[in-house]
Amino acid sequence: MNLSVTSGPSHAHEHEHQAVPSDAALRVKALESLLIEKGLIDPAALDALIDTYENKIGPRNGARVVARAWTDSAFKQRLLADADKAIAELGYGGMQGEHMVVVENTARIHNLIVCTLCSCYPWAVLGLPPVWYKSAPYRSRSVLDPRGVLREFGLDLDKEVEVRVWDSTADVRYLVLPERPTGTERLNEEQLAALVTRDSMIGVAKVSASVQGQRS
Amino acid sequence: MNGVHDMGGMHGMGPIQHEKNEPVFHERWEARAYGLSMAIGCLGKWTLDALRHQIELIPPADYLSMSYYEKWIAAIVELMVKNGLATQTEVETGKAAPGSSKMSPALTAAAVGPMVHNGAPNNRNVAVAPCFHRGQRVRARNLNPTGHTRLPRYARGRLGTIERHHGAFVFPDTNAHEGGENPQHVYSVRFTARELWGGTAPATDSVFVDMWESYLEPA
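Residues numbered from 1 in each chain as written. Chains lettered and ligands numbered in written order. Predicted model: local features only at pLDDT ≥ 70, side-chain atom pairs only at ≥ 80, totals over all residues.

S.K.: Explain the overall build of chain A to me, please; I cannot follow it from the model alone.
M.R.: Helices and strands together make up the secondary structure of chain A, namely 11 helices and four strands. Expressed as a percentage of the 216 residues in chain A, the buried residues total 50%. When contacts within chain A are restricted to residue pairs at least 6 apart in sequence, those whose partners lie at least 24 apart make up 66%. (Helix = DSSP H or I, 4+ residues; strand = E, 2+ residues; numbered from the N terminus. Buried ≥ 20, exposed ≤ 12 C-beta atoms within 10 Å, placed from the backbone. Contact = placed C-beta atoms within 7 Å.)

If you want it as structure tokens, here you go:
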């Protein structure tokens, strides 16, 4: 089995990339066993990392931040002024969320987050990014035609709304504070958090007052 | 480098494929690839900037056809061989060479929680004051380095306005190439959509790009 990869165009002829998942699965399995044999990795650490992002850290973290901001105006001010400190009040932060900035969507301003160069994403509050966020179609067009991208997500913005796209080219990770939907005045923080979707915190969707019919 | 990874502003990449109720990992090998890449990265043999650059070095046709974690594994293997963690033969056979040194200590399960919780902040204290201030007009330099850079092509040569000073951060252009951290001030720079894409772009819209100071010059 060939586990090697190319290091540049000049080596492209020497190795074959195989995009078939079953082959990738075999390659990763062989690589894992090699690295265990060499003492470079502990499989239990891999289990712990996977468990962290499958079960502990994900968009529910961000949803709690948003719901707190919707119900506590002093917290919202702190969140917009110094996101790291405010997010830490809820116990979140750390890896790929060390330097956070929160941008607020209003009736007049719509923010959208992208990483055109790779896949930078606020893991600490949203977990690992979805495939579409890391994909060429989203990365290429979000900066060029954000309104067209939003239409693909089913969101047609008025011409008067100002669109602000944030390209995560450095160490800052962005989170969108979506607009609180009307008709949610009686809901408590926990009920509000249940309405907040991952997509609304990236900026490709609005939050709906009902959980039904929402996207991810 | 002016690679295919620098795709902001390109056409023709197709529709966005949104998946409802998408799992964190679609297949177990992706989860293992993720964990493996993180765990081996913790050994400190290379920087995250070096990993990003190694992914950029994947030839364009492969870059566009490989899945996300296939690219990670390809880059990790290359970095392991470059940095002496494994030989090409070991990687190809999946077996450790007889008598090869056993490295330790590996990242343990107990260390994962603190690692995730603490993160790895890249901000640094620098003695020099920032060159630019909020509201100042700047131009993104027209730089075309062959190595790693975080200055996207679509912004080069364009006029923008300093929106925010983020502090000083490790400079990826050197840190990816064992050239040291060389921290610099980083700013959020606002470019109008019309400045970037011409007169047909909506006058209301803008793109904010985070930029190290040496990417910028006064306008």
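Now that the structure has been shown, the text picks up again.
S.K.: In this structure, what is going on with the overall build of chain B? I would like to understand it.
M.R.: Across its full length, chain B carries eight helices and five strands. Start at the N end of chain B and walk to the C end: the helices and strands fall as α-α-α-α-α-α-β-β-α-β-α-β-β. When its C-alpha atoms are laid out on the principal axes, chain B stretches across 60 × 45 × 35 Å. Burial analysis of chain B (219 residues in total) assigns 45% to the buried set. The long-range fraction of contacts in chain B, counting pairs at least 24 apart against all pairs at least 6 apart in sequence, stands at 63%.

S.K.: Looking at this structure, how should I read the interface of chain A and chain B?
M.R.: Many structure descriptions define interface size as the accessible area lost when the parts assemble. Taken together, the 80 residues of chain A in the interface contact 87 residues of chain B. No other element matches the 12 residues that helix H1 (residues 21–37) of chain A contributes to the side of chain A that touches chain B. Here the side of chain A that touches chain B is built from residues that sort into 43 nonpolar, 20 polar and 17 charged. Pairing of strand S3 (residues 162–167) of chain A with strand S4 (residues 206–212) of chain B involves four bridges; the strand directions are parallel. (Nonpolar A, V, L, I, M, F, W, Y, C, P; charged D, E, K, R; others polar. Pairing = 2+ DSSP bridges.)

S.K.: Looking at this structure, I do not really get the packing of helix H3 (residues 59–71) of chain A against helix H4 (residues 73–81) of chain A. What am I missing?
M.R.: Residue and element names in this part refer to chain A. Here H3 crosses H4 at 125°, and the two axes come no closer than 5 Å. In terms of orientation, H3 and H4 fall into the oblique class. Contacts between H3 and H4 involve Val65, Arg68 and Ala69 on the former and, on the latter, Phe75, Lys76 and Leu79. Residues of the contact of H3 with H4, tallied by class, amount to four nonpolar, no polar and two charged. (Axes fitted to C-alpha atoms, helices over the stretch in contact; angles between N-to-C directions. Parallel < 35°, antiparallel > 145°, perpendicular 65-115°, else oblique.)

S.K.: Would you mind showing me how to read the sheet that holds strand S1 (residues 137–140) of chain B here?
M.R.: Two pairing modes exist for strands in a sheet, parallel and antiparallel, and in both the strands are linked by backbone hydrogen bonds. Taken in spatial order, the seven strands of this open sheet run S2(A)-S3(A)-S4(B)-S3(B)-S2(B)-S1(B)-S5(B), and their pairing is mixed. Single-partner strands in this sheet number two, and they are strand S2 (109–114) of chain A together with strand S5 (216–218) of chain B. Sheet twist, expressed as the average angle between the axes of neighbouring strands with direction ignored, equals 35°. Sheet analysis places S1(B) next to strand S2 (residues 159–169) of chain B, joined by three bridges and oriented antiparallel. The partner of Val138(B) across the bridge, within S2(B), is Gly160(B).

S.K.: Would you explain unusual backbone geometry in this entry?
M.R.: Most peptide bonds take the trans form, and the phi angle of most residues other than glycine is negative. All names here are of chain B. Backbone geometry places glutamate 178, a non-glycine residue, at a positive phi of 55°. Here glutamate 178 is to be found in the loop between helix H7 (172–175) and strand S3 (184–192). One non-glycine residue, asparagine 182, adopts positive backbone phi at about 35°. Locating asparagine 182 in the fold gives a position in the loop between H7 and S3.

S.K.: Please clarify how the domain arrangement of chain A should be interpreted in this entry.
M.R.: In terms of domain boundaries, chain A breaks down into domain 1 (19–54) and domain 2 (58–202). Of note, the centres of domain 1 of chain A and domain 2 of chain A, computed from C-alpha atoms alone, are 31 Å apart. (Domains from an automatic or database assignment.)

S.K.: Could you clarify how one ought to interpret the pairing of S2(B) in this entry?
M.R.: Along any regular strand, the residues point their side chains to alternate faces of the sheet. Relative to S3(B), S2(B) runs antiparallel, the two sharing seven bridges. Note that in S3(B) the partner of Phe169(B) across the bridge is Gln184(B).

S.K.: What am I meant to see in the domain arrangement of chain B here?
M.R.: All names here are of chain B. Examined at the domain level, chain B breaks down into domain 1 (28–118) and domain 2 (137–218). The centre of domain 1, based on its C-alpha atoms, is set 29 Å off from the matching centre of domain 2. Contacts between the two partners involve six residues from domain 1 and, on the opposite side, five residues from domain 2. A class-by-class count of the residues in the side of domain 1 that touches domain 2 yields one nonpolar, two polar and three charged.

S.K.: In this structure, what is going on with the pairing of S2(A)? I would like to understand it.
M.R.: Residues and elements named next belong to chain A. Of all six residues in S2, five are buried; the element is thus mostly enclosed. Alignment of S2 against S3, held across six bridges, turns out to be parallel. Each bridged residue has a counterpart across the sheet, and for valine 114 the counterpart in S3 is aspartate 167.

S.K.: Which parts of the structure should I look at to understand the environment of Val114(A)?
M.R.: Considering the arrangement of structural elements, one finds Val114(A) in strand S2. The sequence separation of Val114(A) and Ala44(A) amounts to 70 residues, and the corresponding C-alpha distance is 33 Å.

S.K.: What should I look at first to understand the confidence of the model for chain A in this one?
M.R.: Regions with low pLDDT should not have their predicted coordinates read in detail. When pLDDT is averaged along chain A, the result is 91, and 88% of the positions lie at 70 or above. Ignoring residues within four places in sequence, the model shows residues 1–15 of chain A, a span with pLDDT below 50, making 34 contacts including any to other chains. (pLDDT = per-residue confidence, 0-100.)

S.K.: Help me understand helix H2 (residues 43–56) of chain A, please; the structure alone is not making it clear to me.
M.R.: Since one α-helical turn is 3.6 residues long, residues separated by three or four positions face the same way. For H2(A), which comprises 14 residues, the first-to-last C-alpha distance of 19 Å matches the rise-based estimate of 20 Å (1.5 Å per residue) to within 8%. Turning to H2(A), its buried residues number three or more, namely Ala45(A), Leu46(A), Ala48(A), Leu49(A), Ile50(A), Thr52(A) and Tyr53(A). In the core, the buried residues of H2(A) are packed alongside helix H1 (28–41) and helix H6 (109–118) of chain B. (Expected span 1.5 Å × (residues − 1).)

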